[in-house]
Amino acid sequence: MRFHRRELLAGAAYLVLGLSRAHATIIVDHLPWTPNAGNPPEAAVPGPWHFFNVDEGRAMEAIADCVIPPDPQTPGGKDSGCAVFIDRQLAGPYGRQDGLYVRPPFQTGTKSQGHQSEAGPAQLYREALAALDRACRSKYAGKAFTDLSASDKDTVLKALENGDLQLDRADGKAFFEQAIKDIQMGFFADPIYGGNRDMVAWKMIGYPGARYNYLDWVNRHNERFPLPPVSMTGRAEWTPQAR
Amino acid sequence: MARKLPKKDVVIIGFGWTGAIMANELTDEGLDVIALERGPWRDAPTDFPPSYMQDELRYRVRHELFLRPDQLTFTFRNKIDQTALPIRSWGAFMPPNGVGGGGVHWNAEMWRFLPSDFVLKTHLTERYGKGFLPEDMTIQDWGITYDELEPHYDRFEYLCGTSGTAGNLKGQIQEGGNPFEGPRSRPYPTPAQAQPFGHTLFGKAARELGYKPFPQPSGNLSQAYTNPLGLKMGPCTYCGFCEWFGCSNYSKASPQTTILPYLVRKPNFTARDNSEVIRINVDKSGKHATGVTFVDTSGEEWEQPADLVILSAFSLFNVQLLLHSKIGEPYDPVANTGVIGRNYTHQTISSVNGFFDNKKFNFNPFIASGAIGMCIDEFNGDNFDHGPLGFVGGGYVGQVQTGARPIESTLTPPGTPKWGAAWKSAVRDNYLSTVKPGTGVHGSFYAYRDVYLGLDPTYKDRFGRPLMQITMDLHDNEVKQNKFLTDKFAEIIKAMGADHLAKQYRTAPYDITQYQTTHVNGGAVMGTDPKTSALNRYLQSWDVPNLFVLGASAFPQNAGYNPTLTVGALAYWAASAIRDKYLKNPGRLVDA
């Protein structure tokens with residue numbers, strides 16, 4: 001069997017994704033350990049959108065606030081950073097389908113065979129957000145989704161959810177299902193990724209965060225754990241964070 | 001042209017649990033051993049330190065420590081007459097990659113199989129008659145008994161420091177343990193882990209319903225332990241990040257914590273990471289392996305000659321490498337001939353989530369370990385009379401919740417909208433008072449003629465080789481078994497005091513997108529007859545006697561337990577056959 005070197009090198013690039021040691025190593029006599037050779041996560045940097053354009057970003061913030069509405073105790077999807085989370089995820093390996101099997105042929109299968117489209121999440125979001133605005137403009141006198149009243153926004157999203165509103169050149173139902181999943185993921189993921197700002201979601205549910213030791217608590221049954229959450233970068237009181 | 005390396009006594013393909021066990025055993029015998037691993041070296045300080053290991057997004061959702069499908073994946077279909085399509089992102093199971101294999105990010109549930117599981121066909125036929133089994137069910141005996149494997153179970157448990165409560169010591173049933181387990185020669189090396197509130201409450205409810213609950217045997221240790229190789233492990237801190245995650249605390253049994261620091265110091269051992277074996281080479285006769293060919297990350301091909309070849313990759317990759325190396329006859333489900341790819345199985349999993357009154361119940365569900373839990377075994381294997389039920393097999397059920405990482409564990413009671421203000425307040429009100437057992441119903445998965453592995457005619461991997469094709473569906477027997485177990489499980493969760501239950505039965509079709517477990521087994525099974533097994537009872541290839549194939553690919557069908565303890569015990573069993581028998585007289589250890 002002969003292998004094509006270029007193919008192999010392309011494959012090898014995925015081998016090293018996110019890994020500290022890229023090349024084949026021969027290990028004899030001692031563990032291959034290097035001091036300070038960790039691979040900490042990359043923090044989402046505040047600032048302009050990385051993937052969305054301005055309209056897409058506003059629409060995502062509006063959808064995030066419908067999926068997670070603000071209330072007096074806990075901010076909504078927008079202010080907790082869920083759209084920023086999705087933006088940074090779509091601009092990164094997730095949006096590009098890095099590491100997934102994307103070789104042809106692409107054929108339609110059964111539901112139990114899973115996702116078979118060549119298009120990844122980034123393309124899905126781009127097409128669906130554009131199609132959503134087109135649908136809103138034609139139905140609501142030229143208004144984009146962002147500019148609809150709160151109740152009209154909910155009406156549109158409910159229609160996407162139950163399949164009553166069909167989008168042009170995009171699967172609106174699949175898009176909204178994915179958006180719900182991603183918004184809620186951003187809400188509950190570590191704040192280092194741009195959502196769950198100030199650990200608002202963790203405070204809301206009582207999750208103490210990236211702690212590492214509950215030895216003193218495993219035998220204390222039916223008592224509320226008293227300590228506030230911490231994230232991978234500590235707590236707001238310790239590390240001043242941008243908005 | 002492959003560059004040829006100096007010959008070794010032994011080459012090991014895949015450096016996870018079984019590769020590490022075999023390397024340690026054969027270097028003790030004085031042999032010169034090299035282990036080749038497709039993925040990178042991994043260890044706590046560099047790959048999962050306590051400063052950032054608790055990252056649900058990175059490790060659970062984005063699969064950081066697992067194989068990437070672009071490196072290698074499979075195609076899948078439910079039925080023989082369908083077109084198989086590639087698994088483009090992982091779902092039903094999660095193949096490992098890297099040194100330590102699945103042993104890095106497993107939950108460390110350490111179950112022994114029942115004595116009857118090893119003689120399953122004989123046992124069920126004797127008790128219920130031949131006509132009781134479905135016609136297309138292809139279950140068979142293992143060719144080994146529980147009593148033969150017991151010393152090896154014991155050895156692996158003591159290597160890992162396993163925490164548990166014995167239920168059967170040399171035939172004497174012990175209070176507080178699993179009364180259905182086979183006799184064990186001595187107690188667990190360390191006592192059972194402490195149980196959080198929800199797990200304790202399950203145990204109490206089960207006892208009140210007349211069952212005999214016991215703590216799940218755990219490779220996350222209840223106390224500090226020094227293993228027989230002199231390696232030290234720390235007590236588990238119940239951080240709730242085992243499953244999908246590496247342990248930063250040296251508390252979870254893995255090749256890294258129990259074998260590797262000892263093994264790498266031996267002068268007759270070498271490992272090579274980021275080196276993927278693409279073929280086992282055989283001589284012209286086809287009956288003798290000459291070594292392996294592997295590719296490193298720069299695309300360079302190497303040939304590693306060896307006298308003895310140990311195939312110890314993850315189960316599916318073992319089968320795939322045998323097919324690509326043309327060793328053994330591929331299984332043909334229509335003609336019902338051949339053995340490579342035959343009797344592929346998984347695990348029949350479901351769960352019941354319980355929603356409790358948050359004014360009365362606070363479970364602090366984030367306090368847990370991967371193998372914590374209270375279980376009952378009344379409905380496993382053939383521990384109960386299947387006569388009136390119309391199915392065979394079973395599983396343990398238990399509150400085995402491994403934590404409450406918030407992306408996956410913010411559940412709402414049935415009927416709650418999926419988004420909006422009602423969703424948000426339901427999440428807030430239920431997080432601390434919900435019981436989410438995960439794989440709470442852990443059922444067996446028996447083998448069938450039309451569930452198997454082969455090579456795909458269309459899709460290729462990055463080397464241009466055909467992907468392996470999985471044909472699998474759930475049969476009525478497993479669906480009935482799961483309905484029965486799930487209903488029994490729900491009764492106990494209800495008795496704990498839950499206001500609302502969310503029952504999730506396992507139903508056909510088998511869905512490749514829904515995570516079940518990574519317990520995929522079979523395809524190169526052990527047995528007594530070369531017509532129905534790829535390996536003899538010592539895990540030696542019938543066709544190529546200087547090749548041994550370790551791992552769950554050797555299971556003729558799957559029992560209602562997690563597989564790793566049996567996988568490790570079988571590795572010790574095969575190692576002792578090589579040390580005591582094969583090396584004295586290399587050749588077939590069993591006459592066909």
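Here is a short report on the structure shown in this document.

1. So, the overall build of chain B
Consideration 1: A count of helical and extended segments in chain B gives 14 helices and 25 strands.
Consideration 2: In terms of C-alpha radius of gyration, chain B reaches 23 Å, essentially the compact-globule figure of 25 Å for 592 residues.
Consideration 3: A buried classification covers 71% of the 592 residues belonging to chain B.
Consideration 4: Expressed as a percentage of contacts within chain B between residues at least 6 apart in sequence, the contacts between residues at least 24 apart total 76%.
Consideration 5: Of the roughly 17800 Å² of accessible surface on chain B, 51% is carried by carbon and sulfur atoms.
Consideration 6: Mean positive and mean negative side-chain charge positions of chain B (57 and 59 charges, respectively) differ by 3 Å.

2. Digging into the side chain of Thr75(B)
Residue and element names in this part refer to chain B.
Consideration 1: Considering the arrangement of structural elements, one finds Thr75 in strand S4 (residues 74–77).
Consideration 2: Judged by its relative accessible area of 0%, Thr75 is buried.
Consideration 3: In terms of polar contacts, Thr75 uses its side chain to reach the side chain of Asp456, at 2.7 Å.
Consideration 4: Setting aside anything within four residues of it in sequence, one finds Thr75 in contact with Ala84, Leu85, Pro86, Ile87, Asp456, Tyr459, Leu467, Met468, Gln469 and Ile470.

3. Description of the sheet that holds strand S22 (residues 466–471) of chain B
By way of backbone hydrogen bonds, the strands of a sheet pair with one another, either parallel or antiparallel.
Residues and elements named next belong to chain B.
Consideration 1: Taken in spatial order, the four strands of this open sheet run S5-S4-S22-S21, and their pairing is mixed. Of all the strands in the sheet, just strand S5 (85–86) and strand S21 (452–460) have a single pairing partner and so form its edges.
Consideration 2: Sitting on the sheet, helix H10 (residues 315–324) touches S4, S21 and S22, and the angle it makes with S22 is about 125°.

4. Regarding the pattern of salt bridges
All names here are of chain B.
Consideration 1: In total, this model carries 34 salt bridges over all chains according to the counting rule given.
Consideration 2: Where Arg155 meets Glu25, a salt bridge forms, and the shortest distance between an N and an O atom there is 2.8 Å. In this pair, Arg155 sits in helix H6 (residues 146–160) while Glu25 sits in helix H1 (residues 17–28), placing the two residues 130 residues apart along the sequence.
Consideration 3: Overall, Arg155 belongs to the partly exposed group, its relative accessible area being 38%.
Consideration 4: On the accessibility criterion, Glu25 (2% relative accessible area) is buried.
Consideration 5: Between Glu25 and Arg579 there is a salt bridge, and its shortest N-O distance comes to 2.9 Å. Here the residue Glu25 occupies a position in helix H1, and Arg579 occupies one in helix H14 (residues 564–582), the gap between them amounting to 554 residues.
Consideration 6: When its relative accessible area of 21% is taken as the criterion, Arg579 is described as partly exposed.

5. Some points on the state of the cysteines
Residue and element names in this part refer to chain A.
Consideration 1: Counted according to the given criterion, the structure contains zero disulfides over all chains.
Consideration 2: In this structure Cys82 is not part of a disulfide, and its nearest cysteine sulfur, from Cys66, lies 12 Å away.
Consideration 3: With no disulfide partner, Cys136 has as its closest neighbouring cysteine sulfur the one in Cys66, 11 Å distant.

6. Digging into the interface of chain B and chain A
Consideration 1: The interface is formed by 100 residues belonging to chain B together with 97 residues belonging to chain A.
Consideration 2: Approximately 8500 Å² of surface area, both sides summed, lies buried where chain B meets chain A, with 59% of it carried by carbon and sulfur atoms.
Consideration 3: On the chain B side of the contact with chain A, Arg88(B), Trp419(B) and Lys424(B) bury the most area, a combined 12% of that side's loss.
Consideration 4: Where chain B meets chain A, there are two salt bridges.
Consideration 5: Here Arg103(A) ties to Asp70(B) by a salt bridge, and the two come within 3.7 Å at their closest N and O atoms.
Consideration 6: Applying the counting criterion to the chain B and chain A interface returns 39 residue pairs in polar contact (both at pLDDT 80 or more).
Consideration 7: Looking at which element gives the most residues to the side of chain B that touches chain A, the answer is helix H12 (residues 421–430) of chain B, with five residues.
Consideration 8: By residue class, the composition of the side of chain B that touches chain A is 47 nonpolar, 26 polar and 27 charged.
Consideration 9: When strand S1 (residues 26–27) of chain A meets strand S11 (residues 269–272) of chain B, the two strands line up antiparallel, connected through two bridges. Residue pairing in the sheet places Ile26(A) in a bridge with Arg272(B) of S11(B).

7. Points about the packing of aromatic side chains
Consideration 1: Tallying each qualifying case throughout the model produces 56 aromatic pairs over all chains.
Consideration 2: With a centroid separation of 5.4 Å and 85° between ring planes, the pair formed by Tyr125(A) and Phe175(A) is classed as edge-to-face. Of this pair, Tyr125(A) sits in helix H5 (residues 121–139) while Phe175(A) sits in helix H7 (residues 172–188), placing them 50 residues apart in sequence.
Consideration 3: Judged by relative accessible area, Phe175(A) falls into the buried class, the value being 0%.
Consideration 4: With centroids separated by 6.3 Å and ring planes inclined at 85°, the aromatic side chains of Tyr207(A) and Tyr431(B) adopt a geometry described as edge-to-face. Here Tyr207(A) is found in the segment after helix H8 (200–205), whereas its partner Tyr431(B) is found in the loop between H12 and strand S19 (434–435) on a different chain.
Consideration 5: What makes Tyr207(A) buried here is its relative accessible area of 4%.
Consideration 6: With a relative accessible area of 2%, Tyr431(B) lands in the buried category.

8. As for the nonpolar core
Side chains of a nonpolar character, in soluble globular proteins, are inclined to be buried together.
Consideration 1: Counting 217 residues, the largest nonpolar core has Ile63(A), Phe145(A), Ile183(A), Phe15(B), Phe93(B), Ile280(B) and Ile310(B) as its most contacted members.
Consideration 2: Tallying contributions element by element places H14(B) first for this core, with twelve residues.
Consideration 3: Formed by 26 residues, the second largest nonpolar core is a distinct cluster that contains Leu201(B), Ala206(B), Tyr211(B) and Val441(B).

9. Observations regarding helix H7 (residues 197–208) of chain B
All names here are of chain B.
Consideration 1: With twelve residues, H7 extends 17 Å from end C-alpha to end C-alpha; this agrees with the ideal 16 Å at 1.5 Å per step.
Consideration 2: Where H7 is concerned, the buried positions are Phe197, Gly198, His199, Leu201, Phe202, Gly203, Ala205 and Ala206.
Consideration 3: Packing partners of the buried residues in H7 comprise strand S17 (374–376), strand S18 (395–399) and helix H13 (476–495).
Consideration 4: Looking one or two residues past H7, Gly210 carries a phi angle of roughly 95°, positive in sign.

10. Examining H14(B)
Consideration 1: End to end, H14(B) covers 25 Å across 19 residues, agreeing with the expected 27 Å (1.5 Å per residue, within 8%).
Consideration 2: Summarising burial for H14(B): 15 of the 19 residues are buried, a large majority.

11. Details of unusual backbone geometry
Consideration 1: The amide bond that connects Pro104(A) to the next residue, Pro105(A), takes the cis arrangement and shows omega of 0°.
Consideration 2: For the peptide bond that leads from Ala508(B) to Pro509(B), omega is -5°, which places it in the cis range.
Consideration 3: Mapped onto the fold, Pro509(B) is located in the loop between strand S23 (500–504) and strand S24 (521–523).
Consideration 4: The phi angle at Leu539(B) is positive, at roughly 65°, despite the residue not being glycine.
Consideration 5: Turning to its location among the elements, Leu539(B) is positioned in the loop between S24 and strand S25 (547–549).

Conventions and cut-offs
Sequence order as written defines the numbering, with residues in each chain counted from 1. Each chain gets a letter, beginning with A, and each ligand a number, beginning with 1, in the order they are written. With pLDDT at 70 or above as the cut-off, local features in this predicted model cover only qualifying residues; side-chain atom pairs require 80 or more to be listed or tallied, and sums for whole chains, interfaces and linings still use all residues. For the side-chain quantities, the full set of heavy atoms in the structure was used; hydrogens and water were omitted. In this description a helix means any DSSP run of H or I spanning at least four residues, a strand means any run of E spanning at least two, and both kinds are numbered starting from the N terminus. We take the radius of gyration over the C-alpha atoms and set the globule estimate at 2.2 Å times the residue count to the 0.38 power. For each residue, the accessible area found with a 1.4 Å probe, counting protein chains only, is set against the maximum for its type, and the residue is called buried under 20%, exposed over 50%, and partly exposed in between. A contact between two residues is defined here by any heavy atoms of the two lying within 4.5 Å. Accessible surface area values rest on a Shrake-Rupley calculation with a 1.4 Å probe, where residue burial reflects the displayed protein chains alone. Neither His nor the chain termini are counted; the positive set is Lys and Arg, and the negative set is Asp and Glu. Each charge is placed at NZ for Lys, CZ for Arg, CG for Asp and CD for Glu. Residues adjacent in sequence count toward polar contacts only when both atoms are side-chain atoms; beyond that, a polar contact is any pair of N or O atoms within 3.5 Å, and within protein one must be able to donate a hydrogen and the other to accept it. Strand pairing follows a simple DSSP-based rule, namely that at least 2 bridges must link the two strands. Lines fitted to C-alpha atoms define the axes here, with helix axes fitted over just the stretch in contact, and angles between the N-to-C directions of these axes take values from 0 to 180 degrees. The salt bridge definition used is simple: a Lys or Arg side-chain nitrogen within 4 Å of an Asp or Glu carboxyl oxygen. Sulfur atoms of two cysteines make up a disulfide when they are within 2.5 Å. Here the buried area means the combined drop in accessible surface, using a 1.4 Å probe, for two parts upon being joined, counting both sides. Throughout, the ten residues Ala, Val, Leu, Ile, Met, Phe, Trp, Tyr, Cys and Pro are labelled nonpolar, Asp, Glu, Lys and Arg are labelled charged, and all others, Gly among them, are labelled polar. Here a pair means two rings of Phe, Tyr or Trp (six-membered ring of Trp) with centres within 6.5 Å. Their orientation is stacked below 30 degrees between planes, edge-to-face above 60, and tilted elsewhere. The criterion is simple. A nonpolar core is a set of buried Ala, Val, Leu, Ile, Met, Phe, Trp, Tyr and Cys residues joined through side-chain atoms within 4.5 Å. By this rule the span expected of a helix is its residue count minus one, scaled by 1.5 Å.

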